[in-house]
Amino acid sequence: MSASSIVSKPERTGSLGDEESLREVLDFLVTEEQLGVTLVSAAIENAPGTPSEAFLPVLRNGVTQEYLHVEALKEAGGKPLTTTYWFPDAALDNGGIGVFETLEVIETIEISLYLIGVSAFARRGDDFGARLCAEAMGTEAVHRALVRFAQGELGKQIGPPNDVGFENFDWTTLDSVREALEGLGIGYGVETPQPGRFYEYPGDPLANGVGTPVDHTQPR
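Procedures and definitions
Residues numbered from 1 in each chain as written. Predicted model: local features only at pLDDT ≥ 70, side-chain atom pairs only at ≥ 80, totals over all residues. Heavy atoms only, no water. Helix = DSSP H or I, 4+ residues; strand = E, 2+ residues; numbered from the N terminus. Rg over C-alpha atoms; globule rule 2.2 N^0.38 Å. Buried < 20%, exposed > 50% of the residue type's maximum accessible area, 1.4 Å probe, protein only. Contact = heavy atoms within 4.5 Å. Lys, Arg positive; Asp, Glu negative; His and termini not counted. Charge placed at Lys NZ, Arg CZ, Asp CG, Glu CD. Pairing = 2+ DSSP bridges. Axes fitted to C-alpha atoms, helices over the stretch in contact; angles between N-to-C directions. Parallel < 35°, antiparallel > 145°, perpendicular 65-115°, else oblique. Left-handed = near helix turned anticlockwise from the far one by under 90°. Nonpolar A, V, L, I, M, F, W, Y, C, P; charged D, E, K, R; others polar. 1 Å grid on protein atoms, 1.4 Å probe; cavity = no way out; pocket = protein on both sides within 12 Å on 5 of 7 lines; lining within 4 Å. Points joined across faces, edges and corners; volume = space filled by probe spheres on them. Expected span 1.5 Å × (residues − 1). Polar contact = N/O pair within 3.5 Å; in protein donor to acceptor, adjacent residues only side chain to side chain.

Participant: I'm lost on the overall build of the protein in this one. Help?
Facilitator: For the protein, the helix and strand inventory stands at seven helices and three strands. Starting at the N terminus and ending at the C terminus, the protein contains elements arranged as α-α-α-β-α-α-α-α-β-β. In summary, the protein has a C-alpha radius of gyration of 16 Å against a globular reference of 17 Å for 220 residues, a match within 12%. C-alpha atoms of the protein, sized along the principal axes, occupy 50 × 40 × 35 Å. Of all 220 residues assigned to the protein, the portion counted as buried reaches 50%. The contacts of the protein with a sequence gap of at least 6 include a subset with a gap of at least 24, amounting to 83%. The average position of the 15 basic charges and that of the 34 acidic charges among the side chains of the protein differ by 4 Å.

Participant: Honestly, the sheet that holds strand β2 (residues 187–188) in this entry has me stumped. Any pointers?
Facilitator: The three strands are arranged β2-β1-β3 in an open sheet whose pairing can be described as antiparallel. Taken across any chain shown, the strands that pair with only one partner, and hence form the sheet edges, are β2 and β3 (196–200). Across five bridges, strand β1 (residues 84–88) lies against β3 in antiparallel orientation. By the bridge assignment, Tyr85 is partnered in β3 with Tyr199.

Participant: I tried to follow the packing of helix α3 (residues 56–75) against helix α6 (residues 127–153) on my own but got confused; where do I start?
Facilitator: The N-to-C vectors of α3 and α6 enclose an angle of 160°; their axes lie 11 Å apart at closest approach. Considered as vectors, α3 and α6 are oriented roughly antiparallel to each other. In this structure, α3 crosses over α6, and the sense of that crossing is left-handed. The segment α3 lies against α6, with Val58, Gly62, Gln65, Glu66, His69, Ala72 and Leu73 engaging Leu132, Ala136, Thr139, Glu140, His143 and Leu146. Tallied by class, residues from the contact of α3 with α6 come to six nonpolar, five polar and two charged.

Participant: It is not clear to me how the layout of surface pockets should be interpreted in this structure. Could you clarify?
Facilitator: Picture a little ball the size of a water molecule; that probe, rolled over the atoms, points out where space is still empty. Each pocket or cavity is described by its volume, and for the largest pocket that value is around 540 Å³. In terms of lining residues, the largest pocket is bounded by 27 residues, among which Leu68, Ala72, Thr217, Gln218 and Pro219 are the most central. Residue assignment for the lining of the largest pocket shows that the elements contributing at least two residues are α2 (19–46), α3 and α6. Across the lining of the largest pocket, the residue classes tally to 11 nonpolar, eight polar and eight charged.

Participant: Help me out: how do you make sense of α6 in this one?
Facilitator: Owing to its 3.6 residues per turn, the α-helix aligns residues three or four sequence positions apart on the same side. With 27 residues, α6 extends 39 Å between its outermost C-alpha atoms, agreeing within 8% with the 39 Å of an ideal straight helix rising 1.5 Å per residue. Its side-chain oxygen placed 3.2 Å from the backbone nitrogen of Phe128, Asp126 serves as the N-cap of α6. Positioned one or two residues after α6, Gly155 has a phi angle of 105°, which is positive.

Participant: What's the story with α3 in this structure? I'm lost.
Facilitator: Its 20 residues give α3 an end-to-end C-alpha distance of 29 Å, which sits within 8% of 28 Å, the value for a rise of 1.5 Å per residue. Of the positions making up α3, those classed as buried are Leu56, Leu59, Gly62, Val63, Thr64, Glu66, Tyr67, His69, Val70, Ala72 and Leu73. Gly77 occupies a position one or two residues after α3 and carries a positive phi of about 115°.

Participant: Can you walk me through the environment of Glu53 in this structure?
Facilitator: Counting through the fold element by element, Glu53 comes out in the loop between α2 and α3. Taking relative accessible area as the criterion, Glu53 reaches 38% and is therefore assigned partly exposed. As a C-alpha pair, Glu53 and Gly95 span 42 residues in sequence and 7.7 Å in three-dimensional space. If sequence neighbours within four positions are ignored, Glu53 has contacts with Ala47 and Pro48.

Participant: Mind showing me how you'd approach the packing of helix α5 (residues 98–123) against α6 here?
Facilitator: The axes of two packed helices give the description: the angle between them and the distance between them. Between α5 and α6, the least distance of the axes is 8 Å, while the angle of their chain directions is 165°. The pairing of α5 with α6 is recorded here as roughly antiparallel in orientation. Relative to α6, the crossing made by α5 is left-handed. Tallied by class, the residues present in the contact of α5 with α6 amount to 16 nonpolar, five polar and seven charged.

Structure representation (structure tokens):
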């Protein structure tokens, strides 16, 4: 289950960059990074005794990184659209390979989302904002390679995890990003048709004992 096999890649149409669009980008970035904290926290809690247990150190660092992105984006002006997420049961797969398949798709789409942010900040001449998005996007790209690696270790034929020369910019509008993510059965404050349940954003993973410390905790 790869990113390309789950969601279609839209044509490159439309652009974002005015002040209102930048606020919309920041708000959705914060919302999406909170989703990441919520999903990975649930994956960590499910991991003991499952195939994903071997990758707990990666997941624990990853959830901390997602939280750091949340806080930096809030400082930049982003406000979350929701703190409640509907995840299909298949997305977590009871700690099986499906959680890494889901994370690969989410990370792939998020890379495009951050590139929308880079463009929006660049059009305003805001070098710090553009760099914030680029620095966070670099971490998301590492996450994508790591969850691809995990799938390979669990027996899926994925090829090398470092499989792109340049990161994707296949979803170039907020609407296309959200449509692709909702196509996974994710609900932003709403229940979707896919069997699952609501999860609440749990906040700081270091404070609640889920995450582990990382270096470079603030954008520069």
